[in-house]
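# Analysis of the macromolecular model
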Amino acid sequence: MNAMPAPLRELVDFFSTLSEAERRENLIDLATAAKNHAPREDERFDFEEVRKDAECSDTVGIHARMGDDTRMHFAISLGPQVQTLTRAMATILCRGLSGAKAADIIATPRDFVTAIIGEQLVRQRSQTVYYVLGRLQEAARMTMPR
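This is a predicted model, so every value here is computed, not measured. All residue numbers here refer to positions counted from 1 along the written sequence of the relevant chain. Per-residue local features are limited, in this predicted model, to residues with pLDDT of at least 70; the limit for side-chain atom pairs, both in listing and counting, is 80 or more; totals at the level of whole chains, interfaces and linings are taken over all residues. The side-chain quantities take in all heavy atoms of the structure and omit both hydrogens and water.

This part takes up the overall build of the protein. Only DSSP runs of H or I with at least four residues qualify as helices, and only runs of E with at least two residues qualify as strands; both kinds are numbered from the N terminus onward. Summing up its helical and strand segments, the protein has seven helices and three strands in all. The N-to-C order of helical and strand elements in the protein reads α-α-β-β-β-α-α-α-α-α. Radius of gyration here uses only the C-alpha atoms, and the compact-globule reference equals 2.2 Å multiplied by the residue count raised to the power 0.38. For the protein, the C-alpha radius of gyration of 14 Å lies close to 15 Å, the compact-globule estimate for 146 residues. Its C-alpha atoms give the protein principal-axis dimensions of roughly 40 × 35 × 25 Å. Here the term buried applies to any residue with accessible area under 20% of the maximum for its type, exposed to any over 50%, and partly exposed to those in between, with areas from a 1.4 Å probe on protein chains only. Among the 146 residues that make up the protein, the fraction classed as buried is 47%.

Following this line, the structure appears as structure tokens:
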């Protein structure tokens, strides 16, 4: 796998040691933690986009702010019908990418997803598991100075 931000690498390393049952249990736990990554009322962002795409069962809002040091902070708002796996990936990506430089987020390869959720879920969920990553990378591109 190519280089990725250290917090994301730690999550990948953790999940790669788990059995399929342990992986699913941890993903469910992370899905319930997604609400901790919702934007706070007093937060201001450089990029905000809430939309429903064909890849998702409900709206997903991406909220991004770039610090003076080009490090990104993300928050994610999820509609009530968003699936468990998408909620888990939102938590993983907020934990793994917040604090990383925009260029590193954009360069993060997609191949880590299988290491976290497993081959079986990737096959079952197809491209939906890559949905949130793509949206965060889009936000990082949009907030980078031109």
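Among the secondary structure elements, Met-66 is positioned in strand β2 (residues 60-66). Taking relative accessible area as the criterion, Met-66 reaches 15% and is therefore assigned buried. Contacts are assigned to residue pairs with any non-hydrogen atoms lying within 4.5 Å of each other. If sequence neighbours within four positions are ignored, Met-66 has contacts with Asp-46, Arg-71, Met-72, Ala-102, Thr-143, Met-144 and Pro-145.

So, on to the sheet that holds strand β1 (residues 47-51). Being paired, for any two strands, means DSSP has found at least two bridges between them. On the basis of which strands lie adjacent, the open sheet formed by three strands has the order β1-β2-β3 and antiparallel pairing. Each edge of the open sheet carries a strand with a single partner, namely β1 and β3 (72-78). On average, each strand axis in the sheet is tilted by 10° relative to the strand beside it, whichever way the strands run. Pairing analysis gives seven bridges linking β2 to β3, with the strands arranged antiparallel. Bridging from a neighbouring strand, Gly-61 pairs with Ser-77 of β3. Axes here mean lines fitted to C-alpha atoms, for a helix over just the part in contact, with angles spanning 0 to 180 degrees between N-to-C directions. Strands β1, β2 and β3 of the sheet are contacted by helix α7 (residues 131-143), whose axis makes an angle of about 145° with β1.

Locating Thr-91 in the fold gives a position in helix α3 (residues 84-97). If we skip the residues at most four places from it in the chain, Thr-91 touches Leu-30, Ala-33, Ala-34 and His-37.

The next thing to look at is the pattern of salt bridges. Any two side chains of opposite charge can pair, given that their charged atoms come close. Think of a salt bridge as a Lys or Arg side-chain nitrogen and an Asp or Glu carboxyl oxygen that are within 4 Å of each other. This model, assessed by the stated rule, comprises ten salt bridges. The shortest N-O distance in the salt bridge between Glu-49 and Arg-135 comes to 3.8 Å. Remark: Arg-135 occurs in helix α7 and Glu-49 occurs in strand β1; sequence separation between them is 86 residues. Using a relative accessible area of 24% as the deciding quantity, one classes Glu-49 as partly exposed. The buried category is assigned to Arg-135, whose relative accessible area is 2%. A salt bridge links Arg-71 to Asp-69, with the shortest nitrogen-to-oxygen separation between them at 3.5 Å. On the basis of relative accessible area, Asp-69 is assigned to the partly exposed category, the value being 41%.

Next up on the list: the confidence of the model for the protein. When pLDDT is averaged along the protein, the result is 89; 92% of the residues meet or exceed 70. Per residue, pLDDT measures the predictor's confidence, with a range of 0 to 100. When the elements of the protein are averaged for pLDDT, helix α6 (residues 119-125) gives the smallest value, 66, and β3 the largest, 96.

Another point: the nonpolar core. Here the nonpolar core consists of buried residues drawn from Ala, Val, Leu, Ile, Met, Phe, Trp, Tyr and Cys, with membership extended through side-chain atoms lying within 4.5 Å. Counting residues in each nonpolar core, the largest one holds 42 residues, and the members touching the most others are Phe-74, Ile-92 and Phe-112. If you tally residues by element for this core, the top one is α3, at eight residues.

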